[in-house]
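Examination of the molecular architecture
Now for the letters of each chain:
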Amino acid sequence: MKWFLRIGLGALSLLVALAAALGVYVYRALPALDGEFAVAGLTQPVQVSRDGADVTHIEAASERDAWFSLGYVHAQERGWQLEFNRRVMHGQLSEILGEATLETDKLLRTLGVLEAAQRQLAALPPDAQQAVQAYAAGINAFHATSTQALPPEFHVLGTRPGGESGVAWTATDSVGWAIMMALDLGGNMGNEFTRLSALQVLDTQALWQLLPPYPGERPVAHADLARLYADLGVYRTATTQSQAPTESLPHTPGNLLTAAFQSDLATWANDFSNNLGTVDGKGSNNWVIAGERTTSGKPILANDPHLSLSAPAIWYFARLKAPGLDVTGASVPGLPFILLGRTRHVAWGFTNTAPDVQDLYLERIDPANSGRYQTPDGWADFTTRQETIRVKGRPDVVHTVRHTRHGPVVSDAQAAHQALIDTSRYALSLRWTALDTDNRAVLAGVRSNRAQSVAELLAAYEDFHAPMQNVVMADTAGRVAFKATGRVPLRHPDNDIMGVAPSPGWDARYDWQGWLPYEDTPEVDHDTISAAGWLSTANQRVHGADYPHFITQDWEIPYRKDRIDTLLATQERHDLDSQRVIHADVVSESARVLLPHLLGAPVGHPLGAAAQSALATFNGELRAESAGALVFAVWTDEFTRGVIGGRLGEERLMAMYGRRVFRPAIEGILVRNDTDWCGAAGCAVATGLALDRALTRIAAWQGNNVSAWQWGQAHPALSAHRPFSNVGPLARFFDVRVPTGGDRFTVNMGHFHANHEKDPFANRHGPSMRALYDLGDLENSRFIYQTGQSGLVFSDRYRDMRAEWAVVQYRPLRMDPPEFNHRVTLRP
């Protein structure tokens, strides 16, 4: 008995000791928000204060020290986020995560983001170089001088800031992260590959039914794409080549990353890789109201960028103040400036233009020499380089990167490309604006922070390169404007593909012909906006039908834009409170288009009558508590799987599905009662069968009481941690969840990736932040985002904005708050 007592006391003592050690670690890992600290690298003391909204205010004696201190604060609050982002763009995830991320690493190494960043950094003018150099110095100074314990991610994964190099961040990394943002937002590489894949089983007419052009437009490509690719023999067949083997090595015993985690991580990595360059789902809203239509007589500006929801969030709100610099708003860990926000006299907001600035080229390989490819002038050698990728628990992988005159050969890095095309005859290369040496997006960011008027902001963004953004802007003098800023290529008049699908790389008519001048990109001036009352953008076409230049065919259908305009038209004069109503709106005009087809569907399911009753009271408003919204959303997924998947094949559909949706296709199919897609029985039968399947799925999740079903339960906003969202026991602590309404087509967007086996209807892509700017009183400006300022999971500031964000409340965004909750002095 004494032995049992001793063992019990020993175990209890051990637990107490472990708890105490954990408590000490948590305390040491939390950032010091008060006090005075010596930091090597500063030239003068810097005041770092946190206000009641938890916005960080940095007041310095020079711009250089302000940029340095922002880097210091980002390292203090978002250390793991910086390290993960660094590893993504360096192609070094597999070093800590194993073979599941090997393809992602290969793709980033192939793109050569760091090589491009090095060239771009060298070409920047001195003030932009100083900004990224000072910012990197601040990050490294924090790690060199702080006693703060590293976040738990470093300990779990057995790494440190900067990995083996020990250099947590460089100036090149900041330029590289600007390229990575362009990769996430810009171009149509993913859309081109989707069309190429679909055309293996569809003719060209059916392709444009599946992926129709913008309403009122004809397909910009005049070529018969299906015939072109068939005649060229582009596709892999059983007789040409067996499928390329996928690399897989036995798991190492004792590896912390279990086989189950590797499987979940592979799903994330594949989704990440496959959606790079995919425009669909990457939307936003912004609008500016002229003073003639506001209660103050001065403009109001609103913005909510729709991006992947993550924990910690993409944004970190801060103010930078120094001689010649006074700006507040959303910064991005990795960059030294405020990307979205305001100065003392001007405010601005972005939405993605989604220009076609990525073109895939089919490179024909010399049958006599696989080291050569065809050009308009004959055969040319691929240029090559070797990349060695470290893989946790595995031998190093040597990856050969090939380049053509257009750019890197991306098909060498993506298994989906290798499974589709005959790689003994063709390769796919990428031409992309963001990799060009004269990309000066960082310079535009730095100079925008000094602007004090619409005119100065327009001048600053002349240097913006990629990805093109729709910028609305307003100043305290009452001026308003819209400008699409960024570089767009000009294409040859004889180009009959126009970059919407891979083009023959040996034909010079598909080469780019220069650039659209800044003065010719879409714009709307002050007088025009004032006469109309407002201007809004939501990724729809931002120019008239008579615009003479090609920007893209992949515009977002204008449901959100039209809804914003409808709501703005409901009252004569607006204030910030009326803008909250718009930000919160979850009415889907697309749902209203489809609902009559669903209400008329024949239903054989036992819950069919109750479901139809719920749908009868559903008016297209996708509220979180709505049963009808849940039935509608799951039905659209089942209809897509049954009708579109039935023609494409399940595997092909699932590879395309997710961020990409087929809502325009579904609308067209149902309106036409298209039996080529729905089958001989017609679309009403296909609709009813999809509804039966949807009801079975929902009942398995939420039971048989239809009146108790709720869209928000199936549709939580999921701010996913990278990479612990893929580790079940850890995901509960590191992910941030909250029930939400909306869908892809509502102003308050809530886009789900239905190809995910786990949480297929989770809101993974929505308002990554919301901001309102009152140019009559800029201290009345407001913001919110979905997690919190801290990136440390132990902190009470890790998820403290979640509830406010979900119900569309805001925090004040002030330059002169009444008081500060915390103050730190950084001294040289």
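Residues numbered from 1 in each chain as written. Predicted model: local features only at pLDDT ≥ 70, side-chain atom pairs only at ≥ 80, totals over all residues. Heavy atoms only, no water.

Let's talk about the overall build of the chain
The helix and strand tally for the chain stands at 29 helices and 30 strands. Over its C-alpha trace the chain gives a radius of gyration of 27 Å, about what one expects of a compact globule, namely 28 Å for 828 residues. Looking at the 828 residues of the chain, the share that counts as buried comes to 63%. Look at the contacts in the chain between residues 6 or more apart in sequence, and 73% of them connect residues 24 or more apart. When the accessible area of the chain is evaluated, it comes to approximately 29800 Å², of which 53% is carbon and sulfur surface. Positive and negative side-chain charges of the chain, numbering 73 and 88 respectively, have mean locations separated by a distance of 5 Å. (Helix = DSSP H or I, 4+ residues; strand = E, 2+ residues; numbered from the N terminus. Rg over C-alpha atoms; globule rule 2.2 N^0.38 Å. Buried < 20%, exposed > 50% of the residue type's maximum accessible area, 1.4 Å probe, protein only. Contact = heavy atoms within 4.5 Å. Areas by Shrake-Rupley, 256 points an atom, 1.4 Å probe, with all protein chains shown as cover. Lys, Arg positive; Asp, Glu negative; His and termini not counted. Charge placed at Lys NZ, Arg CZ, Asp CG, Glu CD.)

Focus on the packing of aromatic side chains
Per the stated rule, a full pass over the model turns up 23 aromatic pairs. Taking 5.6 Å as the distance between ring centres and 45° as the angle between the ring planes, the aromatic pair formed by W635 and F639 counts as tilted. Of the two residues, W635 and F639 both sit in helix α22 (residues 627-648), four residues apart, roughly one turn of that helix. In this pair, the class of W635 matches that of F639, namely buried. The structure contains a cluster of three or more aromatic residues connected by ring pairs, namely F618, F632, W635 and F639. Positioned over the ring face of F382 is R402, at 4.5 Å from the centre of the ring. (Phe/Tyr/Trp six-rings, centres within 6.5 Å; stacked < 30°, edge-to-face > 60°. Lys NZ or Arg CZ within 6 Å of the ring centre and 35° of its normal.)

What to know about a negative patch on the surface
Taken together, D203, D224, D231 and D676 make up a surface patch of like negative charges. Within the fold, D676 resides in helix α25 (residues 675-678). The exposure class assigned to D676 is exposed, which follows from its relative accessible area of 58%. (Patch = residues over 30% accessible without salt bridge, like charges linked within 9 Å, V, L, I, M, F, W, Y side chains within 5 Å. Salt bridge = Lys/Arg side-chain N within 4 Å of Asp/Glu carboxyl O.)

Looking at a nonpolar patch on the surface
Residues L22, L30 and F794 make up a contiguous nonpolar surface patch of about 240 Å² in total accessible area. With respect to the helices and strands, L22 occurs in helix α1 (residues 2-29).

Focus: the nonpolar core
Of all hydrophobic cores here, the largest spans 235 residues; its most connected members are W635, I644 and W709. If you look at the next biggest cluster of nonpolar residues, it comprises five residues, including Y373, F382, V409 and A427. (Core = buried A, V, L, I, M, F, W, Y, C linked by side-chain atoms within 4.5 Å.)

A word on the pattern of salt bridges
This model, assessed by the stated rule, comprises 52 salt bridges. The shortest N-O distance in the salt bridge between R87 and E95 comes to 3.3 Å. R390 is the partner of E164 in a salt bridge, and the nearest nitrogen-oxygen pair spans 2.4 Å. You can see E164 sitting in the loop between α8 (152-157) and α9 (171-185) and its partner R390 sitting in the loop between β13 (383-389) and β14 (397-403), a full 226 residues away along the chain. Members of the salt-bridge network, linked through shared partners, are E63, D127, R440, R447, R450 and D463.

Quick look at the sheet that holds strand β10 (residues 358-364)
If you walk across this open sheet you meet the three strands as β15-β10-β19, and the pairing is mixed. Of all strands in the sheet, those with a lone pairing partner are β15 (426-432) and β19 (503-504), marking the two edges. As paired elements, β10 and β15 share seven bridges and run antiparallel to each other. In the strand pairing of β15, Q358 is matched with W432. (Pairing = 2+ DSSP bridges.)

Side note on unusual backbone geometry
The residue after A311, namely P312, is reached through a cis peptide bond having omega 0°. Mapping P312 onto the fold places it in the loop between β5 (300-308) and β6 (316-322). For the peptide bond that leads from A466 to P467, omega is -5°, which places it in the cis range. Locating P467 in the fold gives a position in the loop between α16 (454-460) and β16 (469-475). The phi dihedral of V808 falls on the positive side, at around 60°, and the residue is not glycine.

Concerning the environment of A538
Within the element layout of this structure, A538 appears in the loop between β22 (534-537) and α18 (559-568). Relative accessible area serves as the criterion here: at 1%, A538 is assigned to the buried category. Each residue touching A538, except ones within four places of it in the same chain, is listed here: S284, N285, E556, R560, K561 and I564.

Structural notes on the state of the cysteines
This structure, assessed with the given rule, holds one disulfide. Covalently, C678 is tied to C683 through a disulfide, its sulfur atoms 2.0 Å apart. Judged by the sign of its S-S torsion, about 90°, the bond between C678 and C683 is right-handed. We note that C678, like C683, is buried. (Disulfide = S-S within 2.5 Å.)

Quick look at the confidence of the model for the chain
With 92% of its residues at a pLDDT of 70 or more, the chain has an overall mean of 93. Note on residues 242-257: pLDDT under 50 across the span, and 26 contacts to partners over four residues away in sequence or across chains. (pLDDT = per-residue confidence, 0-100.)

A few points about the side chain of N303
Tracing the backbone through its elements, the reader meets N303 in strand β5. Setting aside residues no more than four positions away along its own chain, N303 makes contact with N285, N286, L340, G349, F350, H583, M769, R770 and A771.

Some details on α9
The first and last C-alpha atoms of α9 sit 22 Å apart over 15 residues, in line with the 21 Å expected at 1.5 Å per residue. For α9, the buried fraction is high: 14 of the 15 residues fall into the buried class. (Expected span 1.5 Å × (residues − 1).)

Things to note about the pairing of β22
Neither face of β22 is left uncovered, since the one carrying W534 and S536 and the one carrying L535 and T537 both have all their residues buried. Note that strand β4 (residues 284-289) and β22 share four bridges and pair antiparallel. When the bridges of β22 are listed, W287 appears paired with S536.

Regarding the packing of helix α6 (residues 113-123) against α9
Following both chains from N to C, one finds α6 and α9 inclined at 115°, their axes separated by 8 Å at the closest point. On the basis of their axis angle, the class for α6 and α9 is roughly perpendicular. Regarding α6 and α9, the two cross each other, and that crossing is right-handed. Residue-level contacts link V113, L114, A116, A117, Q118, Q120 and L121 of α6 to A171, T172, D173, V175, G176, I179 and M180 of α9. When the residues that make up the contact of α6 with α9 are grouped by side-chain class, the tally is nine nonpolar, four polar and one charged. (Axes fitted to C-alpha atoms, helices over the stretch in contact; angles between N-to-C directions. Parallel < 35°, antiparallel > 145°, perpendicular 65-115°, else oblique. Left-handed = near helix turned anticlockwise from the far one by under 90°. Nonpolar A, V, L, I, M, F, W, Y, C, P; charged D, E, K, R; others polar.)

Points about the environment of I421
You can see I421 is positioned in the loop between α14 (415-420) and β15. With a relative accessible area of 0%, I421 lands in the buried category. Put simply, I421 and S411 are 10 residues apart on the chain and 8.9 Å apart in space, counted from C-alpha to C-alpha. Those residues in contact with I421 that sit more than four places away from it in its chain are L196, V234, Y235, R236, S411, Y426, A427 and L428.

Quick look at helix α2 (residues 63-77)
Across its 15 residues, α2 extends 21 Å between first and last C-alpha, which sits within 8% of the 21 Å expected from 1.5 Å per residue. Counting buried positions along α2 yields 14 of 15 residues, so the element is predominantly enclosed.

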